[in-house]
Amino acid sequence: MSDPTNAPGPRAQIPVTVLTGYLGAGKTTLLNRILTENHGRRFAVVINEFGELGVDNDLVVDADEEVFEMNNGCICCTVRGDLIRIIGGLMKRRDRFDGIIVETTGLADPAPVAQTFFADEDVRRATKLDAIVTVVDARHLPARLADSPEAEEQIAFADIVVLNKMDLVTPEEAAEVERRIRAINPWAEIRRAVRAAVPIESVIGRDAFSLERILEREPEFLAEGNEHEHDSDVVSVSLEVERPLDPERFNAWITQLLATKGQDLLRTKGILHYAGEDRRFAFQAVHMLADGDFIGPWREGEPRRSRIVFIGRDLNRPALRRGFEACQAEAPAAAGTDRT
Amino acid sequence: MSGGAGIEGADFLLQARGRSAELGAWVVGVAFGREGRVCAFGLGDGTVRLAAPGAPAEEWRSVAAHPAGACLALCADVRDGALSGGDDGRLVRIAPDGTAEELARYGSRWVEHVAAHESGVRAAAVGRTVHLLDAAGRALKSLAHPSSVGGVAFDARGKRVAASHYNGCSLWFVAAKEDKPRLLEWKGSHGAIAISPDGTHVVTAMQENALHGWRLADGQHMRMSGYPAKTKSLCFTARGRWLATSGAESVVLWPFFGGGPMGKAPTELAGGDGVPCTAVACHPQQEVVAAGFADGLVAIAEIASGRVLPVAAPGRGPVSALAWNAAGTALAFGTETGFAGLVDLSKR
Ligand SMILES: [Zn+2]
């Protein structure tokens, strides 16, 4: 008895899908599609009490969307206090579901939800953020972008944008809406839909938030000129350098950058080539909260370079570029760790 | 840990003087009835299991307390049996004979915290509200808070009830004609809460791996920090000299005497294995604390000598529930993975 190997191992993390989108965009329609489609998966659904429609599911939790500041005095470092409690409660009956879906209110800023998965140790241990799915109304998105910062933020945070109500727009309008979405978030995978009909596999089980997936979701880089078209407050800046990075310099730079500009930086993602390192380093941040780790080796024949993309407001492209370039190691990697 | 107690040795008390079971669901809470005849384990599958402390041979009974949900909180009820709150929105009393009686139903909201005092008052926290009920189960009052309640505790006499929430906690008089709380403010999110036995201090555990305390006489703040993890379990020793806490790789005890805890270092017990402490329970009379760890180890430690006595060996999941009986002669525990134990510690 008592062989330590008999100890129950760490249990699999429960995937969490966050559904955001403006009132009327079709968020609840998508939610009900996910729940009623016969995929054999069971979900616990966390909804806000002002949901548009009823939700047909066994396990539904009403949430208050209590957004709490973390105790560091910074207004962007917020978490969903209710979600921490709800996930804690749900974990006591984790055999009853395979995934959690969190629906936010139409006006919600997605940052506190996303940050909850970085900031709370228990939530981190028990769950993993699978993807942030934002449902937008193809016809009304331009007006929403013009009148509400939340609409931009919901797109900026999205891993997947469901471009809904495609039957109500012309092909030209559709192309323009896609261009607007890409200008804000070059990573978002756009799924066109009518009545929120998208394959469930395209929104659930994507593992889009994992560091390993950052690379696979190659951003659709914009031509540089695009970034100066100010039809939106939120823009993205993507940077690439050829020479390997000095990890200490990068750390110092990004730490300082997130600490001072984190409020404006909604999301940051990067794949980095550290000097003397055969593995890729994946980095991501939501505002000031960052996460990074080595992922698999560079692929055969793949150019080894470092790329980073910032999505945010008031981004100073030249300053970001200078900062990132200055993270490059001076000389080839030190002897002993050098690859030949 | 204490010299020479190997894993076999660590399980000696459970094997020789205890009874254990695999219950198959997260043990959310455990409590002995004040009448001394039952020990109740509240489970994530919505059942409450009843063991008989005096009769180890007796089968444990299963009570369907929350048939459509999970038990989220459990405590000893006012006179006998246990009080259980569930995610089915129900507050349920479990009598010593295993009868489940619904005391209140709060709709789709979860009953996340429960407390009861032998003077005949019960508390159930549902969202931002703490509902108080009398011994007969009648609703006394509903106390509103600015945000969801993270923990509830009565004082030693049952005269006041404290509820933690965002940016502090509220202290209410149970029998007040007009319900106006004393608001104890401190920025941040507050969870587990305790009132010192003499009623002079309130302490909460915070989201930021720290404790916050208030000296009620003058509102003096106390910060107790340095925890590597969130404190989820805290309790005062019987006479209130020490506050025992989980959240570190040892049992951290803050001195509430001789001017402490301000400017005083805490005492640490049962450390050294590098395993986080997940639950603490103070002995009802002596300066002895029981502790459960993330690897499943359960031990009792005597504060004065620092002596540690293992009760149950590691290997059965993080300890999530821990309680003494009123006489201090039996200890019960449960783990996240559904292991539960009941150990007789009386002198023979
Ligand atoms: Zn911040």
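Residues numbered from 1 in each chain as written. Chains lettered and ligands numbered in written order. Predicted model: local features only at pLDDT ≥ 70, side-chain atom pairs only at ≥ 80, totals over all residues. Heavy atoms only, no water.

As a reminder of what qualifies: UniProt positions are given in the numbering used here, feature names are shortened, and annotations may be inferred rather than shown by experiment.
The name an unreviewed UniProt entry assigns to chain A is GTP-binding protein, from the organism Caldovatus aquaticus. What the UniProt record of chain A gives under Catalytic activity (unreviewed entry) is the line "GTP + H2O = GDP + phosphate + H(+)". Here is the UniProt Function (unreviewed entry) comment for chain A, exactly as written: "Zinc chaperone that directly transfers zinc cofactor to target proteins, thereby activating them. Zinc is transferred from the CXCC motif in the GTPase domain to the zinc binding site in target proteins in a process requiring GTP hydrolysis."

Focus on empty space enclosed by the protein
Where we set the bar: A cavity, in this analysis, means grid points on a 1 Å lattice covering only the protein atoms where a 1.4 Å probe fits yet has no way out; a pocket is instead an open set bounded by protein on both sides within 12 Å along at least five of seven lines, and a residue lines either one if it has an atom within 4 Å of a point. Grid points are joined across faces, edges and corners, and a volume is the space filled by probe spheres set on the points. Strands here are runs of E lasting at least two residues and helices are runs of H or I lasting at least four, both read from the DSSP assignment and numbered beginning at the N terminus. Three classes are used, and their members are as follows: Ala, Val, Leu, Ile, Met, Phe, Trp, Tyr, Cys and Pro are nonpolar, Asp, Glu, Lys and Arg are charged, and the others, Gly among them, are polar.
Under the defined criterion, the tally for this structure stands at six cavities of 30 Å³ or more. One number sums up the size of the largest cavity: a volume of about 130 Å³. Around the largest cavity, the lining comprises 13 residues; the ones closest to its centre are Asp62, Arg85 and Ile86 of chain A together with Arg109 and Glu112 of chain B. Mapped by element, the contributors of at least two residues to the lining of the largest cavity are β3 (59-63) and α2 (81-90) of chain A. Looking at side-chain class alone, the lining of the largest cavity contains four nonpolar, three polar and six charged residues.

Here we look at the environment of Arg93 of chain B
Residue and element names in this part refer to chain B. Keep this limit in mind: Here a residue-residue contact requires only that any non-hydrogen atoms of the pair lie within 4.5 Å. Each polar contact in these results corresponds to two N or O atoms within 3.5 Å; when the atoms are within protein, one needs to be able to donate a hydrogen and the other to accept it, and residues that are neighboring in sequence are counted only if both atoms are side-chain atoms.
For Arg93, the location among the structural elements is in strand β8 (residues 90-94). Taking the C-alpha atoms as reference points, Arg93 and Asp77, 16 residues apart in sequence, are found 7.3 Å from one another. What Arg93 contacts, discounting residues up to four positions off in sequence, is Asp77, Asp80, Ala82, Leu83, Thr99, Ala100, Glu101, Leu103 and Arg122. A polar contact is formed between the side chain of Arg93 and the side chain of Asp77, at a distance of 2.9 Å. Of note is the side chain of Arg93, whose polar atom sits 2.8 Å from the backbone oxygen of Asp80.

What about the packing of aromatic side chains?
All names here are of chain A. What counts, and what does not: Stacked, tilted and edge-to-face pairs are distinguished by plane angle, under 30 degrees for stacked and over 60 for edge-to-face with tilted covering the rest, among Phe, Tyr and Trp rings (Trp via its six-membered ring) whose centres lie within 6.5 Å. Buried, partly exposed and exposed residues are distinguished by accessible area as a fraction of the type maximum, computed with a 1.4 Å probe on protein chains only: under 20%, between the cut-offs, and over 50%, respectively.
All chains considered together, the criterion is met by 14 aromatic pairs over all chains. On the numbers, 5.6 Å between centres and 90 degrees between planes, the contact of Phe250 with Phe283 is edge-to-face. Placement of the pair is Phe250 in helix α9 (residues 247-261) and Phe283 in strand β12 (residues 279-286), with a sequence separation of 33 residues. One exposure class covers both Phe250 and Phe283, and it is buried. With a centroid separation of 5.0 Å and 80 degrees between ring planes, the pair formed by Phe281 and Phe294 is classed as edge-to-face. Of the two residues, Phe281 is situated in strand β12 and Phe294 in strand β13 (residues 289-297); the sequence distance between them amounts to 13 residues.

Brief notes about the coordination of the zinc ion
Residue and element names in this part refer to chain A. Selection rule: Because water is not among the atoms used, a metal site may look incomplete, as its donors are only the N, O and S atoms within 2.8 Å, or 3.2 Å for Na, K and Ca.
Protein-derived ligands of the zinc ion are Cys74 (SG), Cys76 (SG), Cys77 (SG) and Met288 (SD), with the metal-ligand distances lying across 2.2 to 2.6 Å. Read in sequence order, the donor residues for the zinc ion give the motif C-x1-C-C-x210-M. Residue Cys77 is classed as buried on the basis of its relative accessible area of 1%.

Quick look at the nonpolar core
Residues and elements named next belong to chain A. Put simply, the test is: Residues belong to one nonpolar core when they are buried, are Ala, Val, Leu, Ile, Met, Phe, Trp, Tyr or Cys, and are joined through side-chain atoms within 4.5 Å. Domain start and stop positions are those given by an automatic or database domain assignment.
With 65 residues, the main nonpolar core has Val46, Leu90, Ile100 and Ile181 as its most contacted residues. Inspection of this core shows a minimum of three residues originating in each of domain 1 (4-209) and domain 2 (229-325). Formed by 23 residues, the second largest nonpolar core is a distinct cluster that contains Leu31, Ile34, Val133 and Ala196.

Thoughts on the side chain of Asn32 of chain A
Residues and elements named next belong to chain A. Within the element layout of this structure, Asn32 appears in helix α1 (residues 27-36). Asn32 sits in the buried class, given a relative accessible area of 17%. The contact partners of Asn32, leaving out residues within four places of it in the chain, are Gly54, Val55 and Asp56.

Here we look at the pattern of salt bridges
Keep this limit in mind: Take a side-chain nitrogen of Lys or Arg and a carboxyl oxygen of Asp or Glu: if they are within 4 Å of each other, that pair is a salt bridge.
Following the criterion strictly, the structure yields 51 salt bridges over all chains and no others. A salt bridge links Lys141 of chain B to Asp179 of chain B; the shortest N-O distance between them is 2.9 Å. Here the residue Lys141 of chain B occupies a position in strand β13 (residues 139-144), and Asp179 of chain B occupies one in the loop between β15 (160-173) and β16 (182-195), the gap between them amounting to 38 residues. Members of the salt-bridge network, linked through shared partners, are Asp120, Asp122 and Arg125 of chain A together with Lys230 and Lys232 of chain B.

Quick word on helix α10 (residues 317-325) of chain A
All names here are of chain A. As a reminder, the rule being used: By definition, the arc is the one covered by directions from the helix axis to the C-beta atoms.
Within the sequence span of α10, burial applies to Arg317, Leu320, Gly323 and Phe324. Along the long axis of α10, the arc covered by the buried residues comes to 130 degrees, so they all point the same way. Contacts from the buried residues of α10 go to β10 (234-241), α9, β11 (265-272) and β14 (306-313). Where α10 starts, the residue carrying a side-chain oxygen 3.1 Å from the main-chain nitrogen of Ala319 turns out to be Asn316.

Concerning the pairing of strand β25 (residues 288-293) of chain B
All names here are of chain B. Basically, it comes down to this: When DSSP finds at least two bridges between two strands, those strands are taken to pair.
With six of its six residues buried, β25 lies for the most part within the structure. By the alternation rule, side chains of β25 split into Val288, Ala290 and Gly292 and Val289, Ala291 and Phe293, which are all buried. Looking at chain direction, strand β24 (residues 277-282) and β25 are connected through five bridges and run antiparallel. What sits directly across from Val280, in β25, is Ala291. Taken together, β24 and the strand that follows it, β25, pair antiparallel across an intervening segment of five residues.

Regarding the sheet that holds strand β11 (residues 121-126) of chain B
Residue and element names in this part refer to chain B. Our working definition: Lines fitted to C-alpha atoms define the axes, with helix axes restricted to the stretch in contact, and inter-axis angles between N-to-C directions lie between 0 and 180 degrees.
Read from one edge of the open sheet, four strands run β10-β11-β12-β13, paired in antiparallel fashion. Looking at the sheet topology across the chains shown, the edges are occupied by β10 (111-117) and β13. When the angles between neighbouring strand axes are averaged without regard to direction, this sheet yields 15 degrees.

A word on the sheet that holds strand β27 (residues 308-312) of chain B
Residue and element names in this part refer to chain B. Pairing within the open sheet is antiparallel, and its four strands lie in the order β24-β25-β26-β27. The open sheet has two edge strands with one neighbour each: β24 and β27. When the angles between neighbouring strand axes are averaged without regard to direction, this sheet yields 25 degrees.

Considering unusual backbone geometry
All names here are of chain A. One non-glycine residue, Lys165, adopts positive backbone phi at about 65 degrees. Within the secondary structure, Lys165 is located in the loop between β8 (160-164) and α7 (171-184). We classify Lys165 as partly exposed; its relative accessible area is 23%. Phi angles above zero are rare outside glycine, and His287 is one such case at about 50 degrees. By the element assignment, His287 lies in the loop between β12 and β13. In this structure His287 comes out as buried when scored by relative accessible area, which is 7%.

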